[in-house]
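Residue strings, one per chain:
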Amino acid sequence: MKEFRTALITGATGTIGRAISKLMAKKGYSIVFIARNRNKAEKLVAEIRSVNTDCAVSFHLLDMGEKKEIKALSENFHARLDVLINNAALTPRTREETYANIERQWAVNVLGYYWMMKYFSPHLKDGDKPRIVNVASYWAGQLDLSDPEFRSRNYDNNTAYMQSKQADRMLSKGFAGLLEKDKISVNSCHPGDARSNLSSSLGFGGHESPEQAADTPVWLATEDAGFQTTGAYFRDKRKSICQFSENKNEVDRLMRICASY
């Protein structure tokens, strides 16, 4: 019986997440994904099985902004894991908070990535060329580590999104250093520009198909380049300079801040 590699994908029912999930299935991976909406999740299961009837596919319903839910899932996760793709993101137009009273965009887009890497990296240790792919963006910057939750600043969803994607690129560098001893690669990437609910919330359209937007994340998740390189940022399947990740003091500061939640 053929043994499939397993990929765990967050934000799988969104525009780019769906494309990532189906492309990973086409490449022969078993898919485990995280979603919040059961109807969307069940629809995606059917879509994935339509492109690869042989691969196993399952989902877990949870809120990516809630640490206790991610931790609980990791404690009850018993499958061998080869790839973690952090893709979940949102950008509410007005400031919202989670049940834990954390600004929602910071919780989902940044802390969610941090918690997934922290709690699922032990599952990756026995994987086949294990790796983490963090879907970030070229639309990044304006990170204010003195006020990441907009408690002092006026909330602006565009600024909040940009700082979250800067943080994702920096967290990738931080975790690459932490997990190098375990031979787990960690890279971030800009996925591509597809029209989605998220892009619409930011006032953008999108000139690429979901499959084009998913191309670089899937390439990092499946090809040797995504394992042989760690701590890098990619665009269009090419390594790009990330000025944010080169600031070690700020990367370390961000890691400490995330660890404090």
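This text goes with the structure placed above it.
Let me begin by describing the structure that accompanies this report. Fair warning: this is a prediction, and the values are worked out from it, not measured in the lab. (Residues numbered from 1 in each chain as written. Predicted model: local features only at pLDDT ≥ 70, side-chain atom pairs only at ≥ 80, totals over all residues. Heavy atoms only, no water.)

All of the buried residues along helix α3 (residues 67–75) are Ile70, Leu73 and Ser74. Relative to the axis of α3, the buried residues are bounded by an arc of 100 degrees and lie together on one face. Those residues of α3 hidden inside the fold are in contact with β2 (30–35), β3 (57–61) and α4 (104–124). (Buried < 20%, exposed > 50% of the residue type's maximum accessible area, 1.4 Å probe, protein only. Helix = DSSP H or I, 4+ residues; strand = E, 2+ residues; numbered from the N terminus. Arc of directions from axis to C-beta. Contact = heavy atoms within 4.5 Å.)

With that settled, consider the environment of Ala100. Of note, Ala100 is situated in the loop between β4 (83–86) and α4. Taking the C-alpha atoms as reference points, Ala100 and Gly231, separated by 131 residues in sequence, lie 30 Å from one another.

A word on the side chain of Thr216. Among the structural elements, Thr216 can be located in helix α7 (residues 210–222). Leaving out residues up to four positions away in the same chain, Thr216 has contacts with Cys189, His190, Phe234, Asp236 and Lys237.

What links the strands of a sheet is backbone hydrogen bonding, and the strands pair in either a parallel or an antiparallel sense. In spatial order, the strands read β3-β2-β1-β4-β5-β6-β7-β8; together these eight strands make up an open sheet with mixed pairing. The open sheet has two free edges, formed respectively by β3 and β8 (238–240), since each of these has just one partner strand. On average, each strand axis in the sheet is tilted by 25 degrees relative to the strand beside it, whichever way the strands run. Judged from the five bridges that link them, β2 and β3 form a sheet pairing that is parallel. Across the sheet, Phe33 pairs through a bridge with Phe59, a residue of β3. The strands touched by helix α1 (residues 15–26) within the sheet are β1 (6–9), β2, β4 and β5 (131–135), with β1 carrying the most contacts at an inclination of about 180 degrees. Contacting β5, β6 (185–190) and β7 (233–235), helix α5 (residues 157–179) crosses the sheet at an angle of about 165 degrees to β6. (Pairing = 2+ DSSP bridges. Axes fitted to C-alpha atoms, helices over the stretch in contact; angles between N-to-C directions.)

The next thing to look at is the packing of aromatic side chains. A complete count under the given rule lists five aromatic pairs for this structure. Between Phe77 and Phe120, the ring centres sit 5.5 Å apart and the planes meet at 85 degrees, which makes this aromatic pair edge-to-face. Taken together, the residues Phe77 in the loop between α3 and β4 and Phe120 in helix α4 connect sequence positions 43 residues apart. This pair shows no difference in class: Phe77 is buried, exactly as Phe120 is. On the numbers, 5.4 Å between centres and 75 degrees between planes, the contact of Phe150 with Tyr155 is edge-to-face. Assigned by exposure class, Phe150 and Tyr155 land together as buried. Above the plane of the ring of Tyr233 lies Arg169, whose end atom (NZ or CZ) is 3.9 Å from the centre. (Phe/Tyr/Trp six-rings, centres within 6.5 Å; stacked < 30°, edge-to-face > 60°. Lys NZ or Arg CZ within 6 Å of the ring centre and 35° of its normal.)

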